[in-house]
Amino acid sequence: MSDEQTPRRPAGTTALVIMVPEADPVVGRARQRYDTAAAEGVPAHVSVLYPFLPVERIDTGVLAALRELFAGHEPFEVRFPRFDRFPELLWLVPEPDGPVRALTAAVAARWPEAPPYGGAFADPAPHLTVAQWQSEEVYAAVQKECADALVLLGTRVAEVQLVAFDGVRWGQHAVFPLGGGDV
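Bear in mind the structure is a predicted one, so any value in this text is a computation, not a measurement.

Rules of the game
Residues numbered from 1 in each chain as written. Predicted model: local features only at pLDDT ≥ 70, side-chain atom pairs only at ≥ 80, totals over all residues. Heavy atoms only, no water. Phe/Tyr/Trp six-rings, centres within 6.5 Å; stacked < 30°, edge-to-face > 60°. Lys NZ or Arg CZ within 6 Å of the ring centre and 35° of its normal. pLDDT = per-residue confidence, 0-100. Contact = heavy atoms within 4.5 Å. Helix = DSSP H or I, 4+ residues; strand = E, 2+ residues; numbered from the N terminus. Expected span 1.5 Å × (residues − 1). Buried < 20%, exposed > 50% of the residue type's maximum accessible area, 1.4 Å probe, protein only. Arc of directions from axis to C-beta. Polar contact = N/O pair within 3.5 Å; in protein donor to acceptor, adjacent residues only side chain to side chain.

### What about the packing of aromatic side chains?
Here's step 1: Scanning the entire structure with this criterion turns up seven aromatic pairs.
Here's step 2: Connected via pairs of aromatic rings, a cluster forms that spans Tyr 50, Tyr 117, Phe 121, Phe 165 and Trp 170.
Here's step 3: Between the NZ or CZ atom of Arg 9 and the centre of the ring of Phe 165, over which it lies, the distance is 5.6 Å.

### Observations concerning the confidence of the model for the protein
Here's step 1: Across the protein, the average pLDDT comes to 92, with 94% of residues at or above 70.
Here's step 2: Taken together, the stretch residues 1–6 has pLDDT below 50 and engages in seven contacts with residues farther than four places along the chain or on a different chain.

### Notes on helix α3 (residues 60–71)
Here's step 1: Its 12 residues give α3 an end-to-end C-alpha distance of 16 Å, which sits within 8% of 16 Å, the value for a rise of 1.5 Å per residue.
Here's step 2: Along α3, the positions that sit buried rather than exposed are Val 62, Ala 65, Leu 66, Leu 69 and Phe 70. Within α3, the buried residues cover an arc of 125 degrees as seen down the axis, which keeps them to one side. Those residues of α3 that are exposed and angled more than 90 degrees off the buried face are Thr 60 and Glu 68.
Here's step 3: Along its buried surface, α3 packs onto β1 (14–19), α4 (98–110), β7 (159–165) and β8 (170–177).
Here's step 4: The backbone nitrogen of Gly 61 has a side-chain oxygen 3.1 Å away, supplied by the residue at the start of α3, namely Asp 59.

Printed below as a string of structure tokens:
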């Protein structure tokens, strides 16, 4: 990836994500090579909302509101049966995507100043990024290498994590159980 293509985000950027550790054995090697978020310390994940509020705005009130918001959503199962592409991105499709969309809509409604992807997309598709800013040949090779393992790829989503970028790496800031359960 060239420097012109590498997204530059400031220290203090945050995101709300669903971690999908089950995806690492399937697409982890490709992510390490072709996904900048992996190189910055983020495991396989589906974004609920990126970017969220700047880290300096995350106080006990915001944390309490997030805890309450996510407690109102029940845990759910999701599978990743296939790849899809945007022009600059190869990604895994979460099915069903309705529960992820519901989480995104709830957070965006509560914090309208933090629309998904800065408001760049009218209807952002939930996705698990595998590779970005690569050639069609790289995307095809990754799909071929990983396709057979997708039949088994799924997870139970029981929490959402708030992660923060320190300028070099992403790290966990807080964890919010769905359905009000313990994490």
